[in-house]
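Structural overview for review
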Amino acid sequence: MKAVGVFGLLILLSAVMISAIAVVWTRHQSRVLFVQLTQLQGQRDDLNIEYGKLELEQATWGEPRRIDTEARNKLGMAMPTPQNIKLVQE
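Residues numbered from 1 in each chain as written. Predicted model: local features only at pLDDT ≥ 70, side-chain atom pairs only at ≥ 80, totals over all residues. Heavy atoms only, no water.

A short note on the overall build of the protein chain
For clarity, the threshold we go by: Where helices and strands are cited, they refer to DSSP runs of H or I of at least four residues and of E of at least two residues respectively, numbered from the N terminus. Radius of gyration means the value over C-alpha atoms here, while the globule rule gives 2.2 Å times the residue count to the 0.38 power. Note on classification: 1.4 Å probe, protein chains only; a residue is buried when its accessible area is under 20% of the maximum for its type, exposed when over 50%, partly exposed between these limits.
Within the protein chain one finds two helices and zero strands. For 90 residues, the compact-globule estimate of 2.2 N^0.38 gives 12 Å, and the protein chain exceeds it by more than 25% at 36 Å. Judged by the C-alpha coordinates and their principal axes, the protein chain covers about 115 × 35 × 15 Å. The burial tally for the protein chain puts 1% of its 90 residues in the buried class.

Here's the deal with the packing of aromatic side chains
Where we set the bar: Each Phe, Tyr or Trp ring, with Trp reduced to its six-membered ring, pairs with another whose centre is within 6.5 Å; inter-plane angles below 30 degrees give stacked pairs, above 60 give edge-to-face pairs, and intermediate values give tilted ones. Charge-over-ring placement is defined geometrically: NZ (Lys) or CZ (Arg) within 6 Å of the ring centre, and within 35 degrees of the ring normal.
For the structure on display, the rule yields zero aromatic pairs. Positioned over the ring face of Trp-61 is Arg-66, at 3.9 Å from the centre of the ring.

Thoughts on the pattern of salt bridges
In plain terms, the rule: The term salt bridge refers to a pairing of a side-chain nitrogen on Lys or Arg with a carboxyl oxygen on Asp or Glu at a separation within 4 Å.
Following the criterion strictly, the structure yields four salt bridges and no others. In this structure, Arg-44 and Asp-45 form a salt bridge, with 3.1 Å as the shortest nitrogen-oxygen distance. Assessed through its relative accessible area of 45%, Arg-44 is described here as partly exposed. A salt bridge links Glu-70 to Lys-74; the shortest N-O distance between them is 3.2 Å. One end of the pair, Glu-70, and the other, Lys-74, are both in helix H2 (residues 64–74), four residues apart, so they sit about a helical turn from each other. Judged by its relative accessible area of 24%, Glu-70 is partly exposed.

Some remarks on a nonpolar patch on the surface
The condition that has to hold: Two distance rules govern patches: like charges are joined within 9 Å, and nonpolar side chains (Val, Leu, Ile, Met, Phe, Trp, Tyr) within 5 Å, applied only to residues with over 30% relative accessible area and no salt bridge. Each accessible area is a Shrake-Rupley result for a 1.4 Å probe, and residues are judged covered by the shown protein chains and nothing else.
Together, Val-6, Leu-10, Leu-13 and Met-17 make up an exposed nonpolar region whose accessible area comes to about 380 Å². Of the residues examined, Met-17 reaches a relative accessible area of 47% and is grouped as partly exposed.

Section: the environment of Arg-66
Note the cut-off: Note on definitions: a residue-residue contact is assigned when non-hydrogen atoms from the two residues lie within 4.5 Å.
Among the secondary structure elements, Arg-66 is positioned in helix H2. Assessed through its relative accessible area of 29%, Arg-66 is described here as partly exposed. For the pair Arg-66 and Gln-29, spaced 37 residues apart in the sequence, the C-alpha separation amounts to 54 Å. With residues up to four places along the chain from it excluded, the contact list for Arg-66 reads Thr-60 and Trp-61.

Remarks on the environment of Arg-44
This is how the line gets drawn: Think of a polar contact as two N or O atoms within 3.5 Å of one another; within protein, one of them needs to be a possible hydrogen donor and the other a possible acceptor, and neighboring residues in sequence only count if both atoms come from side chains.
With respect to the secondary-structure elements, Arg-44 resides in helix H1 (residues 2–61). Within the structure, the side chain of Arg-44 is placed 3.1 Å from the side chain of Asp-45, a separation counted as a polar contact.

Below you can see the structure in the form of structure tokens.
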């Protein structure tokens, strides 16, 4: 009977040790994942800032007055005179 008690005690001790190791491993994994989450959130924030800057730049470049200025200065374009306008009918 004493051998059964010692054997049961060893089984319970093993179960407690396995459980303790599982808790430590789970906490470690949780901390590793939290650090990774924090890094990814920082990366997301940086990308959101860059996206906002790119949207602002796109709005600036797409402004009709700027396009008109660039067309006149760089391409030498000008508004046609009424004599140069021809109506095309189908």
